[in-house]
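Given next are the chains, with one letter for each unit.
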Amino acid sequence: PSIALAGIISELKKGERLGIIGGNGAGKSTTLKLLSRVTAPTEGTIYINGRISSMLEVGTGFHPELTGRENVYLNGAILGMSKEVDKKIEDIIDFSECRQFIDTPVKRYSSGMYVKLAFSVAAHLDSEILIMDEVLAVGDMNFQKKCLNKMCEVAEQEGRTILYVSHNMNTIRQLCDRCIVLQKGHLVYDGDVEEAISIYMNQSDELKTSYDYSNIPRSENETRSIQLLGLDINDRTENRVSQGENLKFTLHCKANAEAENVGFRFEIYYKDGTVVGTVFTNKELSASKGQKVDLDIELATKNFAPGRYHAVALAYEYDKFGNQVGVDRVDPALAF
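Residues numbered from 1 in each chain as written. Predicted model: local features only at pLDDT ≥ 70, side-chain atom pairs only at ≥ 80, totals over all residues. Heavy atoms only, no water.

Draft legend 1. Molecular detail of the overall build of the chain. When helices and strands are tallied, the chain shows seven helices and 15 strands. Residue burial in the chain is summarised as follows: out of 336 residues, 48% are buried. Here the analysis covers contacts within the chain between residues at least 6 apart in sequence; of these, 69% occur between residues at least 24 apart. Looking at the chain as shown, the accessible area adds up to about 16700 Å², and 46% of this sits on carbon and sulfur atoms. (Helix = DSSP H or I, 4+ residues; strand = E, 2+ residues; numbered from the N terminus. Buried < 20%, exposed > 50% of the residue type's maximum accessible area, 1.4 Å probe, protein only. Contact = heavy atoms within 4.5 Å. Areas by Shrake-Rupley, 256 points an atom, 1.4 Å probe, with all protein chains shown as cover.)

Here it is in structure tokens:
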């Protein structure tokens, strides 16, 4: 059998804020699932001193038929913190910004509402260790800022230990005081945050004109309505672009199920990990199961400063509330 992870973290001290970064299939989510005891290690030992509250996926630990309020109490009971919930229920509801819907079954919540309530529960219960996996990718910008401030507050004032996975290097900078870089299940760096980001960005900076995503490990691939297969840069033998030229490329996708109203976007990052822009496709995609689709995309570069960039590709659908729900993500998808 293949080894997903090998010798990742030797020790994490109380009150440390550890960022975990790396491309698709590096082992970030697997690390957090092992530490949260969602997955058992096939070998090796994990020692944990303290109670853990975690958010690994949107809606993890929520029962769809129960209301928001009932799910708060359910989460507290699972963590052995029922008394804490009684004391903090009003703070949890206020922070989540979901008071209007707190007595509505969560199956009617948007993905953003799920995240807000789940984060509020995790942040307010008295666990010593807080584990977060890309949880801020769904929430709106104001709530993301609010969450980052809350995590910094609980780490500094309450001495909580935080493990945080994100593709957004700015949130890693703001929150973490230590960072590790993973590549194909192995630890390649552990230490200073800026140095870790630099190493990760260099990993992501391979200049090619053709990219194959089909073998990138993803969880539950066949349940995704759209899967990103690869990308080809058009009419170029290298992906060096003069300022003002348009970079044209073709994105290849496959429908694993009937897909409607699927959109695509590319998040563009400078070599230091700073987000410089987002490109949306100008049309939505519908496809039948098994159908392969090619999308021609054009990226204007007139506002880009000279330097190296890479892009993260995301496919998403709209839920019934009009919010974008992630379907597939590839990081890095393109470098130029």
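Draft legend 2. Layout of the nonpolar core. One finds Ile-21 and Met-151 to be the most contacted residues of the largest nonpolar core, which totals 48 residues. The residues contacting Ile-21, other than those within four sequence positions of it, are Lys-28, Ser-166, Met-169, Ile-172, Cys-179, Ile-180, Val-181, Leu-182, Ala-196, Ile-197 and Tyr-200. (Core = buried A, V, L, I, M, F, W, Y, C linked by side-chain atoms within 4.5 Å.)

Draft legend 3. Spotlight on the sheet that holds strand E5 (residues 178–183). Read across the open sheet, the six strands follow the order E2-E3-E4-E1-E5-E6; overall the sheet is mixed. What marks the edges here is a single partner per strand, and that holds for strand E2 (52–55) and strand E6 (186–191). Shown here is a sheet whose adjacent strand axes are inclined to one another by a mean of 15°, direction ignored. Direction of pairing for strand E1 (residues 17–21) relative to strand E4 (residues 161–165): parallel, over a ladder of four bridges. Bridging from a neighbouring strand, Arg-17 pairs with Ile-162 of E4. Sitting on the sheet, helix H1 (residues 28–35) touches E1, E2, strand E3 (129–133), E4 and E5, and the angle it makes with E3 is about 150°. (Pairing = 2+ DSSP bridges. Axes fitted to C-alpha atoms, helices over the stretch in contact; angles between N-to-C directions.)

Draft legend 4. Summary view of helix H2 (residues 68–78). Listed in full, the buried residues belonging to H2 are Gly-68, Asn-71, Val-72, Asn-75 and Gly-76. Projected onto a plane normal to the axis of H2, the buried residues spread over an arc of 140° and lie on a single side. (Arc of directions from axis to C-beta.)

Draft legend 5. Here's a closer look at the environment of Ser-210. You can see Ser-210 is positioned in strand E7 (residues 210–212). Relative accessible area serves as the criterion here: at 41%, Ser-210 is assigned to the partly exposed category. Every residue in contact with Ser-210, bar those within four places of it in the chain, is listed here: Leu-231 and Asp-232.

Draft legend 6. Focus on the packing of aromatic side chains. All told, the structure shown has eight aromatic pairs when counted by the stated rule. Within the aromatic cluster, the residues linked to one another by ring pairs are Tyr-270, Phe-304, Tyr-309 and Phe-336. The ring of Phe-95 is capped by Lys-146, whose NZ or CZ atom sits 4.6 Å from the centre of that ring. (Phe/Tyr/Trp six-rings, centres within 6.5 Å; stacked < 30°, edge-to-face > 60°. Lys NZ or Arg CZ within 6 Å of the ring centre and 35° of its normal.)

Draft legend 7. Up close: the sheet that holds strand E13 (residues 292–300). As summarised here, the arrangement of the four strands in space is E7-E8-E9-E13, forming an open sheet in which the pairing is antiparallel. Looking at the sheet topology across the chains shown, the edges are occupied by E7 and E13. This sheet shows a mean twist of 25° between the axes of neighbouring strands, independent of strand direction. Sheet analysis places strand E8 (residues 226–233) next to strand E9 (residues 246–255), joined by seven bridges and oriented antiparallel. The partner of Gly-230 across the bridge, within E9, is His-252.

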